[in-house]
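A look at the structure
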Amino acid sequence: QVQLVESGGGLVQPGGSLRLSCAASGSIFSINAMGWYRQAPGKQRELVAAITSGGTTNYADSVKRRFTISRDNAKNTVYLQMNSLKPEDTAVYYCWSSSSWYSDEYDYWGQGTQVTVSS
């Protein structure tokens, strides 16, 4: 089992920045990828960014060049640096980890943290 604890959400003005953190505990040896999803009201949950155990990163087109995912292995923590935030980035952001390349049976989720981008 993997436990994920998120922090860093909040209210920010358009053009501002936030950094989300996600600390993993439990069976961290099994994790092969971590990342962030987000879900806005009335919309489906979507992948924002992911990083594999090998260091490969992937980003949604809507956040590419603005968001950066990184990790600190010593702290078992991943970060999402969000710059140039837009109102459409407003959503609940969920940390995610996967211990299988082929099945979501081994996906784990954080509790979610609200990000609101508004003047």
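Overview of the structure. This one's a predicted model, so the numbers in the text were calculated from it and none came from an experiment.

We now examine the packing of aromatic side chains. Across all of its chains, the model carries two aromatic pairs by this definition. Considering the side-chain rings of Tyr37 and Trp109, the 5.1 Å spacing of their centres and the 65 degrees angle between planes classify their relative orientation as edge-to-face. In this pair, Tyr37 is assigned in strand β4 (residues 33-39) and Trp109 in strand β10 (residues 107-109), connecting sequence segments 72 residues apart. In textbook terms, an aromatic cluster arises when at least three aromatic residues are bridged by ring pairs, as seen for Tyr37, Trp96 and Trp109. Note that Arg45 overlies the ring of Tyr94, its terminal NZ or CZ placed 4.0 Å from the centroid. Its end group placed over the ring of Trp109, Arg45 keeps NZ or CZ at 4.6 Å from the ring centre.

A few words on the nonpolar core. Of all hydrophobic cores here, the largest spans 27 residues; its most connected members are Met34, Trp36, Val48, Phe67, Leu80, Met82 and Tyr93. Contributions of two or more residues to this core are made by β1 (2-7), β3 (18-26), β4, β5 (46-52), β7 (67-72), β8 (77-82), β9 (91-98) and β11 (113-117). The element best represented in this core is β3, accounting for four residues.

Taken in spatial order, the four strands line up as β1-β3-β8-β7 in an open sheet, and their pairing is antiparallel. Looking at which strands have only one partner, the edges of the open sheet turn out to be β1 and β7. The sheet shows a mean angle of 20 degrees between the axes of neighbouring strands, direction not considered. Pairing analysis gives six bridges linking β3 to β8, with the strands arranged antiparallel. By the bridge assignment, Ala23 is partnered in β8 with Thr77.

The rules behind each value
- Residues numbered from 1 in each chain as written.
- Predicted model: local features only at pLDDT ≥ 70, side-chain atom pairs only at ≥ 80, totals over all residues.
- Heavy atoms only, no water.
- Phe/Tyr/Trp six-rings, centres within 6.5 Å; stacked < 30°, edge-to-face > 60°.
- Helix = DSSP H or I, 4+ residues; strand = E, 2+ residues; numbered from the N terminus.
- Lys NZ or Arg CZ within 6 Å of the ring centre and 35° of its normal.
- Core = buried A, V, L, I, M, F, W, Y, C linked by side-chain atoms within 4.5 Å.
- Buried < 20%, exposed > 50% of the residue type's maximum accessible area, 1.4 Å probe, protein only.
- Pairing = 2+ DSSP bridges.
- Axes fitted to C-alpha atoms, helices over the stretch in contact; angles between N-to-C directions.

The values reported here are purely geometric and, on their own, carry no functional implication.
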